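Chain residues, written in single-letter form:
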Amino acid sequence: MHLKRVSILGSTGSIGTQTLDVISRYPDRFRVEAMAAGGNAELLVEQANRFRPKLVSVGTKELAIHIADRVPAGTKVVYGESGLIEAAAHNDADIVVTAVVGSQGLKPTLAAIEAGKTIALANKETLVSGGHLVTEAAKRRGVKLLPVDSEHSAIFQCLNGESISAIRKIVLTASGGSFRDRTREELKHVTVQEALAHPNWSMGAKVTIDTATMVNKGLEVIEAHWLFGLPYDQIDVLIHPESIVHSFVEFEDRSVIAQMGMPDMRVPIQYALTYPDRLVSPVPSLDLAALGTLHFRKMDFERFPCIRFAFECGRAGGTMTTVFNAANEIAVARFLKGDISFLAIESVIESVLDRHVKIDLPTLEQIEEADAWAREAASAFRG
């Protein structure tokens, strides 16, 4: 495996820091070319001094001025959306890890694809908001989209050497999140702290809330549709509290191939970086005898209406998935601020979806307009 040059969008977030952990174990295999972060300037400065990229990008001009003399001498500092795009596309990286949170990941990902970079995709919202644009561009440019989500990485690994036409269905597993064993009645007064206590995975706040509402799995369903080119009728979801079986594929002959392992994001991150090779990872081996039993249960679309919304939006297509994602981003931010209750996240999303007039096959500009409209509508919702 030759030296791979890596650009990381979202280097200070959960996926970004774990990506750097993987890279730090193989200094002869990887070089960090560029890093982009939003507001966590202190951590970015630390990362820049350790990995010495040629370019770093931050959210604002003020932050760029603030860190300019604290990064290594040869490191260029840029900022804002143009800085994010520069970190994605205008450098010598071979592979771009897109791990920024939210729909701001779409433009830089498209720019990186146009620049011919391999994409290690950890930003669900990119395919949820602009799936047709991203997959079309990747096809046209002959660029690989390598999934970093544990579920999509699992499906990707199960499909190695298999024909897409032989698939009967793919099944994404869901941990069920922090409240998987609570009734809807018991969810009325849950706190932000309770919602952020995820039983299996270490993730950022937004994704942890999304796993509790099941929006996260909904976004993954839409993402799987684009990544693997499958209709929604061939995508299923199963609750699996232990998060050991990361996802599986059932083929026409009724063979089922699953990918399993300890719940640690460094495994799918590393696989995307080293594909098609596999290197030793720092994760403990899976001991099935010690675990003894694994549990699975059907997804309950009444208990988790957000996963139902996701399937409905996916089937409707067009800008519906953009609006689903954008409304959720605002609803989660409002819940984290203490502005609305946990269950109101669903009400916000549903009310915004009900009012949206869908556009089929939207352009990037129309996607951005639908996204902005949905944010405004979700912010104004008073329920």
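If you're wondering where the values come from, they're calculated on a predicted model, not measured in any experiment.

Further remarks concern the overall build of the chain. On a plain count of helices and strands, the chain comes out with 16 helices and 12 strands. Against the 2.2 N^0.38 benchmark of 21 Å for 383 residues, the chain shows a C-alpha radius of gyration of 20 Å, consistent with a compact globule. Projected onto its principal axes, the C-alpha positions of the chain cover 55 × 50 × 40 Å. Within the chain, buried positions represent 57% of all 383 residues. Taking as baseline every contact in the chain between residues at least 6 positions apart, the subset at least 24 positions apart corresponds to 68%. Only carbon and sulfur atoms are counted for the fraction: they give 52% of the accessible area of the chain, which is about 16,000 Å².

Spatial strand order, β4-β3-β2-β1-β5-β6-β7: seven strands in an open sheet with parallel pairing. Each of the sheet's edge strands pairs with one partner strand only, and the pair in question is β4 (76–79) and β7 (145–147). Across the sheet, the mean angle from the axis of one strand to that of its neighbour is 25°, orientation sign disregarded. In the packing of helix α2 (residues 41–51) onto the sheet, contacts are made with β2 (30–36) and β3 (55–58), and the angle to β2 comes to roughly 155°.

On to the packing of helix α5 (residues 106–114) against helix α16 (residues 364–380). Describing two packed helices takes the angle between their axes plus the distance from one axis to the other. Packing of α5 against α16 brings their axes to within 12 Å, and their N-to-C directions diverge by 160°. Taken together, the axis directions place α5 and α16 in an arrangement best described as roughly antiparallel. Seen along the crossing, α5 lies across α16 with a hand that is right-handed. In contact with Leu-106, Lys-107 and Leu-110 of α5, α16 contributes Leu-364, Ile-367 and Glu-368.

Throughout the structure, instances matching the rule amount to seven aromatic pairs. Note on Phe-301 and Phe-311: the rings are 5.9 Å apart at their centroids and 70° apart in plane angle, and the pair reads as edge-to-face. Highlighted residues: Phe-301 in the loop between β12 (297–298) and α13 (305–316) and Phe-311 in helix α13, separated in sequence by 10 residues. When its relative accessible area of 7% is taken as the criterion, Phe-311 is described as buried. Ring centres of Phe-335 and Phe-342 lie 5.6 Å apart, and the angle between their planes is 70°; this geometry places the pair in the edge-to-face category. The exposure classification of Phe-335 matches that of Phe-342, with both residues buried. In this structure an aromatic cluster arises from ring pairing among Phe-156, Tyr-271 and Tyr-275. Geometry around Phe-304 places Arg-303 over its ring, the cationic atom sitting 4.2 Å from the centre.

Calculation notes
- Residues numbered from 1 in each chain as written.
- Predicted model: local features only at pLDDT ≥ 70, side-chain atom pairs only at ≥ 80, totals over all residues.
- Heavy atoms only, no water.
- Helix = DSSP H or I, 4+ residues; strand = E, 2+ residues; numbered from the N terminus.
- Rg over C-alpha atoms; globule rule 2.2 N^0.38 Å.
- Buried < 20%, exposed > 50% of the residue type's maximum accessible area, 1.4 Å probe, protein only.
- Contact = heavy atoms within 4.5 Å.
- Areas by Shrake-Rupley, 256 points an atom, 1.4 Å probe, with all protein chains shown as cover.
- Pairing = 2+ DSSP bridges.
- Axes fitted to C-alpha atoms, helices over the stretch in contact; angles between N-to-C directions.
- Parallel < 35°, antiparallel > 145°, perpendicular 65-115°, else oblique.
- Left-handed = near helix turned anticlockwise from the far one by under 90°.
- Phe/Tyr/Trp six-rings, centres within 6.5 Å; stacked < 30°, edge-to-face > 60°.
- Lys NZ or Arg CZ within 6 Å of the ring centre and 35° of its normal.

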